[in-house]
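# Results of the structural survey
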Amino acid sequence: CQVHPAGVRHIQRGQAKQWNCPGLKRIEFATANESQVVIALAGGEVIYFELDEMSGNLTESSTRDMGADVCCLDVSKLTKGRSRSLFAAIGCRDQTVRIVSLEPGKLLTQKSSTALKSRPHSVSLQMITSSESGGPADLVLTIGLEDGTSLRASVDPVTGGIGTSPTRRFLGARPV
């Protein structure tokens, strides 16, 4: 899959299929894992694509207006035995980060959000295993802010709720 400002190109078996942005809009941010692509268009519109395992086609599954311009987003990598990530993190210019569902039937519905003291510059959702023996995995949200601060919060892997006491670290004067 290739994402460029004017659209998304999916190349399979030597053939390219192109999805073009509607109207004069442009893609500002994108994230992907092995089977999912999430893009943010200018103006705060988020579009979710999923790779069909049977046909190999990339299909547009859902669209949502976030109500604020998007400044960063992330969909977590797939864990062993899963065909899709259940959540995406979306950072907005209104100084919020939102967790949205990627579950079929609930695509792009907001599960939780957190207000920040500065605009988010980057977000990352990661599944971190508790031990080497393959114990239960924790879903962790890391947020880099424009003021040089990094936040780390737990996310409930079932409900998508963001933990109430994030760990804050100042890393320097530049955006993280």
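A brief look at the structure comes next. (Residues numbered from 1 in each chain as written. Predicted model: local features only at pLDDT ≥ 70, side-chain atom pairs only at ≥ 80, totals over all residues. Heavy atoms only, no water.)

Looking at where Ile27 falls in the secondary structure, it is placed in strand β4 (residues 27–32). On the accessibility criterion, Ile27 (10% relative accessible area) is buried. When the C-alpha atoms of Ile27 and Gly148 are compared, they prove to be 26 Å apart, with 121 residues separating the residues in sequence. Setting aside its immediate chain neighbours within four residues, Ile27 contacts Val3, His4, Pro5, Gly7, Val8, Trp19, Cys21, Ile39, Ala40 and Leu41. (Helix = DSSP H or I, 4+ residues; strand = E, 2+ residues; numbered from the N terminus. Buried < 20%, exposed > 50% of the residue type's maximum accessible area, 1.4 Å probe, protein only. Contact = heavy atoms within 4.5 Å.)

In this section: the sheet that holds strand β1 (residues 2–4). If you walk across this open sheet you meet the 3 strands as β1-β2-β3, and the pairing is antiparallel. Every other strand in the sheet has two partners, leaving β1 and β3 (15–20) as the edge strands with one partner each. On average, each strand axis in the sheet is tilted by 20 degrees relative to the strand beside it, whichever way the strands run. Here 6 bridges tie strand β2 (residues 7–12) to β3, and the two strands are oriented antiparallel to one another. Counted as the bridge partner of Val8 is Trp19 from β3. (Pairing = 2+ DSSP bridges. Axes fitted to C-alpha atoms, helices over the stretch in contact; angles between N-to-C directions.)

Along the chain, Thr31 turns up in strand β4. At 3.2 Å, the side chain of Thr31 forms a polar contact with the backbone nitrogen of Val75. Setting aside chain neighbours within four positions, we find Thr31 in contact with Gln36, Val37, Val38, Leu73, Asp74 and Val75. (Polar contact = N/O pair within 3.5 Å; in protein donor to acceptor, adjacent residues only side chain to side chain.)

Looking now at the packing of aromatic side chains. Going through the model one piece at a time under the given rule, you end up with 1 aromatic pair. Pairing Trp19 with Phe49 gives two aromatic rings, centres 5.1 Å apart and planes at 80 degrees, and the pair type is edge-to-face. Placement of Trp19 in strand β3 and of Phe49 in strand β6 (residues 45–51) is noted, with a sequence separation of 30 residues between them. The buried category is assigned to Phe49, whose relative accessible area is 1%. (Phe/Tyr/Trp six-rings, centres within 6.5 Å; stacked < 30°, edge-to-face > 60°.)

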